[in-house]
Amino acid sequence: MLDRKYVVANADAVKENCQNRNVPQAVDQLLELESQRRDLLKQVEELNRDANAVSKTIGQAKTDEEREERKARGRELREQKEVAQKQHDEVDAQIREIELQLPNMAHPDAPVGVDDKANLELGQGKHAPREFDFSPLDHVEIGQQWDWLDFEGGARTSGAGFYFLKGDLVLLDLAIQQYAVNELVRRGFLPMTTPDLARDSILEGIGFMPRGPETQVYSVENSNLCLIGTAEITLGGLYSGETFDAEQLPLKLCGISHCFRTEAGAAGRASRGLYRVHQFTKIEMFIFCLPDQSDALHEELRQIECDLFDAIEVPYRIVDTATGDLGGPAYRKYDLEAWMPGRGEAGEWGEVTSTSNCTDYQARRLNVRYKQKDVKGTHFVHTLNGTAFALSRALISILENHQNADGSVNVPEVLRPYLQGREKLGGP
RNA sequence: GGAGAUGUGGCUGAGUGGUCGAAAGCGCCGGUUUGCUAAAUCGGUGAUGGAGUCAAAUCCAUCCGCAGGUUCGAAUCCUGUCGUCUCCGCCA
């Protein structure tokens, strides 16, 4: 959510931003309603003030008659106040509806364009896509070869889009998690496991729609809980309503959670194997910080993601997401797309991480503030998030990039300590 | 799942219908005193929205988990909700 005063004072910039992001807006209507609201608020306050003044004199009334007279006057004023208050609240609710539709402002350097075609490649990782001297398999084929993946079993027990990992692939999965968490702890992140369910209100604060036809998440019947689509939801919600001391920031968190996605409307899209599934494990980075720290921290998150994928020796490219493809809360977003040799005709890039600077957009909705010593008042923090590893896609990138002609898979060196030193999985 | 208790400012904690945004203590900030530190002592010390000002001062409204209700008036009474605690049951 944007600051209301900011929207009023910068209506043209907000409108332009919406246009760049390809989001419909009702800023003019908001301006009109807000001016109405201000008038109503003044009325309410005035009536309240008068009523309070009358109430205070009632205790001092000398006669019953006088007392009753004043009570009647007070009642009358309160009734008038109630009427004005109700009108105010209605207008306020309408404004809020509009506000909730407004996306965050975009970073001035973010590429402008209505969809992902305008995304800008910023560079590539240390490792170039490999030249294979054999015909590479995709991860589903590799997995089937060694009985590492069971999609049929997943479908039988839970439905299409679910899967079992088996055997060495589980060990690889755990190795990646351990490597990532250790690496993040080394870089000052506090590791956390989080709930896999969260309240609707937290989802809304982060910028998800908890229910309804457009929703990307599963909701639990007869409750106000949803299965989380990412630990961003729980880590971001963790301090909702809280006020940090400025010295506590930046607070860097590393969440380990399961992620659940309905992938409604995604049927038919490139989604073979582990690429688009209903459940996966993710190691997520999340930061609460001061406003003047967020730009640099965003670069830091991007660098960590690059370092992690360089470390597992997977080729990738960095994408600066175009305004039209940003999603509501993001001020700027970088994606890492890993090379997936088994995808498409002769390999394709596939998104494996994403890091967003959400500035104060989520903080305002969730009411997360900070206070500086000796400075009056509080301000909203900035929040950032970034994927360390989404395990399903990280597994794809490792299996497909590190496969050998005999079907075995080389273990990236950094992961070997977590696999009893094994250099390869599968194979004769 | 059943029964009960409870939720006040950074913290502890008083307040059970009328100048209560809220006593007191602690903490914190500033002053005084003391050779330094400690101690003592005095003063100050919440948030949000609005008016006001160059900026302040100042003024108004709202806030005692949250949302409603009763009342001229609610931290105080009522209802719901969320959280916490205790006991019982169940259980990894």
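Look a little higher up for the structure.
Scope of this entry: the structure provided in the associated data block. Predicted model only: the values in this text are computed from it and were never measured.

1. Considering the side chain of Lys252
With respect to the helices and strands, Lys252 occurs in strand 8 (residues 251–260). Here Glu300 takes part through its side chain, which lies 2.8 Å from a polar atom of the side chain of Lys252. With sequence-adjacent residues up to four places away left out, Lys252 is seen in contact with Arg187, Gly188, Phe189, Leu190, Phe286, Ile287, Leu297 and Glu300.

2. Some points on the protein's contact with RNA strand B
With respect to spatial proximity, 18 residues lie near RNA strand B, and among them Arg38, Arg49, Ile58, Arg75 and Arg199 are the closest. Here the atoms of RNA strand B within 4 Å of the protein split so that 83% fall in sugar or phosphate, with bases taking the remainder. Here a phosphate oxygen of RNA strand B and a side-chain polar atom of Arg75 are 2.5 Å apart. Of all the secondary structure elements, the ones that give two or more residues to the surface near RNA strand B are helix 3 (27–58) and helix 4 (64–101). It is helix 3 that contributes the most residues to the surface near RNA strand B, 8 residues altogether. For the surface near RNA strand B, the per-class residue count stands at 2 nonpolar, 6 polar and 10 charged.

3. As for helix 4
Helix length check: helix 4, at 38 residues, gives a terminal C-alpha distance of 55 Å against a target of 56 Å (1.5 Å per residue), a fit within 8%. Among all positions in helix 4, only Gly74, Leu77, Lys81, Ala84, His88, Val91, Ile95, Ile98 and Glu99 are buried. Where helix 4 is buried, its residues meet helix 1 (4–9) and helix 3.

4. Let's talk about the nonpolar core
In this structure, Leu172 and Phe389 are the most contacted members of the largest nonpolar core, which totals 53 residues. Looking at this core, the elements with two or more residues in it are helix 7 (168–186), strand 8, strand 9 (279–289), helix 10 (294–311), strand 10 (316–320), strand 11 (332–340), strand 15 (382–390) and helix 12 (391–401). Of the residues forming this core, the biggest block, 8 residues, is contributed by helix 7. Residue contacts for Phe389: discarding those within four places in its chain leaves Ile176, Tyr179, Ala180, Thr281, Lys282, Ile283, Leu308, Phe309, Ile312 and Ala394. Ala198, Ile202, Cys226 and Leu249 belong to the second largest nonpolar core, which has 25 residues in total.

Reading the values: rules and limits
Residues numbered from 1 in each chain as written. Chains lettered and ligands numbered in written order. Predicted model: local features only at pLDDT ≥ 70, side-chain atom pairs only at ≥ 80, totals over all residues. Heavy atoms only, no water. Helix = DSSP H or I, 4+ residues; strand = E, 2+ residues; numbered from the N terminus. Polar contact = N/O pair within 3.5 Å; in protein donor to acceptor, adjacent residues only side chain to side chain. Contact = heavy atoms within 4.5 Å. Near = heavy atom within 4 Å. Nonpolar A, V, L, I, M, F, W, Y, C, P; charged D, E, K, R; others polar. Expected span 1.5 Å × (residues − 1). Buried < 20%, exposed > 50% of the residue type's maximum accessible area, 1.4 Å probe, protein only. Core = buried A, V, L, I, M, F, W, Y, C linked by side-chain atoms within 4.5 Å.

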